[in-house]
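Coordinate inspection notes
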Amino acid sequence: MVDAEKYQLPSGEEIDQESSRPLDLTLVHQRIKDIVHVLSDFRNRYEEGRSRTEYLEILKKDLCTYYSYNEYMIKKFMELFPCAELLEALEANETQRPVTIRTNTLKTRRRDLAQVLIGRGVNLDPVGKWTKVGLVVYDSQVPLGATPEYLAGHYMIQGASSFLPVMALAPKENERILDLCAAPGGKASHIASLMRNTGVLFANDVNKDRARAIIGNFHRLGIINSVISVQDGRTFSKVLTGFDRVLLDSPCSATGVISKDQTVKFNKDHEYIMECARLQKQLILSAIDCAKSGGYVVYSTCSVLVEENEWVVNYALQKRNVKLVSTGLDFGQDGFTKIHTFRFHPSLKLTKRFYPHVHNMDGFYVAKFKKFANGIPNSGDADKETSKNEKAPKQKQNDNLSGKSKKNRIKRVQKKNKNKLRIN
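None of the values given here were measured: they were computed from a predicted structure.

Re unusual backbone geometry
A cis amide bond, omega 5°, links Ala183 with the succeeding residue Pro184. By the element assignment, Pro184 lies in the loop between β5 (176-179) and α10 (186-195). If you check the backbone angles, Ala254 has positive phi at about 65° while not being a glycine. By relative accessible area, Ala254 is classed as buried at 18%. A positive phi angle is found at His340, which is not glycine, with a value near 55°. Within the fold, His340 resides in the loop between β12 (338-339) and β13 (342-343).

In structure tokens, the structure reads:
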């Protein structure tokens, strides 16, 4: 569309006629591009008599039709990205991310592994300067999950974004470390390799069948410093505490990995996301309780939604004696401190967001806490800021007045009522 032209939105009658005809995706796609073009400079390009809301409503319906999302999911993506970036994000979700493998440094070096796999007909390169163990595979003449090197435990097939939480955790040798939701063991095995099989690694998962995958991978990769447990992560702190570092790669809505599971587009709704957030809040408090004072906790999800990321992290800052510290990751976008109706603690800019359309890896979120004391902080801590949507519960707490305050309030009400009777 030429800049000088003013795009005219279809009328209600035209939309009704269009819905009665067979679906023309080319027409829908062109209208999406035209509306995005108008919204990018709305003041100069809008049609007289049409509001921004009308443009956004038609855009939302067309995006649902063209990309097969439900209205709720499209709305969340529209809240997250500006219009121009929105299309890039949705297009990235239609394309599979590159296959990546992680070198198991307990058994080999990346250079040696690359040479052997190239000899077997695998076309690969290092993932990037940010990791010393990752290799990206462009194509392969042999199945990557059946090579002698794979069976010998020289590498793990693992998404590049899954390296990030472990890099942020920065495990050291001879430490006591917990991976609270460890199955199938990709991140836990990465932790073990950085620990060089020293110290103790607890790999926990709530699902017994999934925990078997941890056992299989650990045997193959040669990990001998681990304890594998099956326990609800929400109650793990009642079983064992005092860990130097804790990793919580939390269950989530998987909105960052839509390219792997297209059903996420239409089978997630507000209730499901809120249920995920509730579980994540319970898990993050348990993870913090498992760490010793002075220990570190890394929280990560493969979701891009604020409700499962910044909202949960902000909640943890209010409920426990922790502060956010740098993740040590020198790329990625900073976490939100404010977005739409959400307002978060300023330190949330230390968290990191990763997007498929920006970083060519699965969508991911990483936050790193340092625990500075055990116990639960006072609810009135001045340095803890809350998001707008969490002000209602806080107000409820203020209503729980002491006995003396309640008596005073009752007296004031009774006095007021007497005065009213006198006036009448």
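Structure shown, so let's carry the discussion forward.
Description of the packing of helix α2 (residues 25-39) against helix α4 (residues 52-67)
It is at 9 Å that the axes of α2 and α4 come closest, and there the two elements cross at 145°. For the pair α2 and α4, the sense of crossing is left-handed. On the side of α2, the interface is formed by Leu25, Val28, His29, Arg31, Ile32, Ile35, Val36, Val38 and Leu39, while α4 contributes Arg52, Tyr55, Leu56, Ile58, Leu59, Asp62, Leu63, Thr65 and Tyr66. Residue composition of the contact of α2 with α4, by class: 13 nonpolar, two polar and three charged.

Here's the deal with the sheet that holds strand β1 (residues 99-103)
Where strands meet in a sheet, backbone hydrogen bonds hold them as pairs that are either parallel or antiparallel. Strand order in the open sheet made by the four strands is β2-β3-β1-β4, with antiparallel pairing throughout. Across the chains shown, the open sheet's two edge strands, defined by having one partner strand only, are β2 (122-126) and β4 (155-157). Strand-to-strand, the axes of this sheet are offset by a mean angle of 35°, without reference to chain direction. Most of the contacts of helix α7 (residues 110-119) go to β2, to which it runs at about 160°, and overall it touches β1, β2, β3 (134-140) and β4.

Considerations on the layout of surface pockets
Its volume calculated, the largest pocket comes out at about 690 Å³. Around the largest pocket, the lining comprises 35 residues; the ones closest to its centre are Ala183, Pro184, Lys187, Arg210 and Asp249. Contributions of two or more residues to the lining of the largest pocket are made by β4, α10, β6 (200-205), β8 (243-249) and α13 (270-290). Per-class residue counts for the lining of the largest pocket are 16 nonpolar, ten polar and nine charged.

What about helix α11 (residues 208-221)?
Over its 14 residues, α11 extends 20 Å from the first C-alpha to the last, a length consistent with the 20 Å expected when each residue adds 1.5 Å. Listed in full, the buried residues belonging to α11 are Ala211, Ile214, Asn217, Phe218, Arg220 and Leu221. Against the buried residues of α11 lie α8 (148-151), β4, α10, β6 and β7 (226-230). The distance from a side-chain oxygen at the start of α11 to the backbone nitrogen of Asp209 is 2.9 Å, and the residue carrying that oxygen is Asn207.

Calculation rules
- Residues numbered from 1 in each chain as written.
- Predicted model: local features only at pLDDT ≥ 70, side-chain atom pairs only at ≥ 80, totals over all residues.
- Heavy atoms only, no water.
- Helix = DSSP H or I, 4+ residues; strand = E, 2+ residues; numbered from the N terminus.
- Buried < 20%, exposed > 50% of the residue type's maximum accessible area, 1.4 Å probe, protein only.
- Axes fitted to C-alpha atoms, helices over the stretch in contact; angles between N-to-C directions.
- Left-handed = near helix turned anticlockwise from the far one by under 90°.
- Contact = heavy atoms within 4.5 Å.
- Nonpolar A, V, L, I, M, F, W, Y, C, P; charged D, E, K, R; others polar.
- Pairing = 2+ DSSP bridges.
- 1 Å grid on protein atoms, 1.4 Å probe; cavity = no way out; pocket = protein on both sides within 12 Å on 5 of 7 lines; lining within 4 Å.
- Points joined across faces, edges and corners; volume = space filled by probe spheres on them.
- Expected span 1.5 Å × (residues − 1).
- Polar contact = N/O pair within 3.5 Å; in protein donor to acceptor, adjacent residues only side chain to side chain.

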